[in-house]
Amino acid sequence: MSETERIERLITEESGECCAADVEERLDTLREYRSWADDDYATDLNALKTLGNDTRYEIVRLLTAAGRELCVCEVEPVIDVSDSAISHALSDLRDAGLVTRRKDGTWRYYEATERAEALLAALDDTRGGQ
């Protein structure tokens, strides 16, 4: 079976007929749909992968719920992992563009970015609506 045979059958069922030009037109349209994903594919995928870890997800949820900067010393007591795991998670979140960091002397403050808030809002808005 050729790569396009199934598309030919689909187009035939949809419109009653199909020729090679119809298949090429459909494939060109599909390639256009896919091309948008190439722009920031790696950045988007990294953000999603970063949120796919329990600790990082919990930290972003905490920062988003707080609605303000939190010092690392405020994050550590409420996230049940080691201090080094929190530090590593915050670094990953920052690298993925999901949190910002501000240094003030020996203190480090983190805040969720708009992107992180939007991703969580999208999850919240679509939860359970399968």
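The structure displayed is predicted, hence computed values, not measured ones. (Residues numbered from 1 in each chain as written. Predicted model: local features only at pLDDT ≥ 70, side-chain atom pairs only at ≥ 80, totals over all residues. Heavy atoms only, no water.)

Visitor: Which residues make up the nonpolar core, and what values do they have?
Guide: Core analysis: the biggest nonpolar cluster contains 20 residues, and Ile-59, Val-60, Leu-63 and Leu-98 have the highest contact counts within it. Of all the elements in the fold, those that place two or more residues in this core are α3 (41-51), α4 (54-66), α5 (72-75), α6 (83-95), β3 (107-112) and α7 (114-126). The greatest single-element share of this core, amounting to four residues, is contributed by α6. (Core = buried A, V, L, I, M, F, W, Y, C linked by side-chain atoms within 4.5 Å. Buried < 20%, exposed > 50% of the residue type's maximum accessible area, 1.4 Å probe, protein only. Helix = DSSP H or I, 4+ residues; strand = E, 2+ residues; numbered from the N terminus.)

Visitor: Go over the domain arrangement of the chain, please, and point to the residues and values.
Guide: Domain assignment breaks the chain into domain 1 (4-36) and domain 2 (42-127). Centre-to-centre separation of domain 1 and domain 2, based on C-alpha positions: 43 Å. (Domains from an automatic or database assignment.)

Visitor: Residue-level account of the side chain of Arg-56, with values.
Guide: Among the secondary structure elements, Arg-56 is positioned in helix α4. Arg-56 gets classed as buried once you look at its relative accessible area, which sits at 17%. Polar side-chain contacts of Arg-56 include one of 3.1 Å to the side chain of Asp-92. With residues near it in sequence (within four places) discarded, Arg-56 still touches Lys-49, Thr-50, Ala-89, Asp-92 and Leu-93. (Polar contact = N/O pair within 3.5 Å; in protein donor to acceptor, adjacent residues only side chain to side chain. Contact = heavy atoms within 4.5 Å.)

Visitor: I'd love a proper account of the packing of α4 against α6, names of residues and values included.
Guide: At their nearest, the axes of α4 and α6 sit 9 Å apart, and the two run at 75° to each other. Between α4 and α6, the crossing angle belongs to the class labelled roughly perpendicular. Seen from α4, the contacting residues are Thr-55, Arg-56, Ile-59 and Val-60; seen from α6, they are Ala-85, Ile-86, Ala-89, Leu-90, Asp-92 and Leu-93. In terms of residue class, the contact of α4 with α6 is made up of seven nonpolar, one polar and two charged. (Axes fitted to C-alpha atoms, helices over the stretch in contact; angles between N-to-C directions. Parallel < 35°, antiparallel > 145°, perpendicular 65-115°, else oblique. Nonpolar A, V, L, I, M, F, W, Y, C, P; charged D, E, K, R; others polar.)

Visitor: Talk me through the pairing of β3; I want residue IDs and the actual numbers.
Guide: The pairing of strand β1 (residues 70-71) with β3 spans two bridges and is classified as antiparallel. Residue pairing across strands places Cys-71 opposite Tyr-109, the latter belonging to β3. Where strand β2 (residues 99-104) meets β3, six bridges bridge the pair, whose relative direction is antiparallel. Within the sheet, the bridge partner assigned to Arg-101 lies in β3 and is Tyr-110. In textbook terms, the turn of a hairpin is the stretch between consecutive antiparallel strands, and for β2 and β3 this stretch comprises two residues, one of which, Gly-105, has a positive phi near 65°. (Pairing = 2+ DSSP bridges.)

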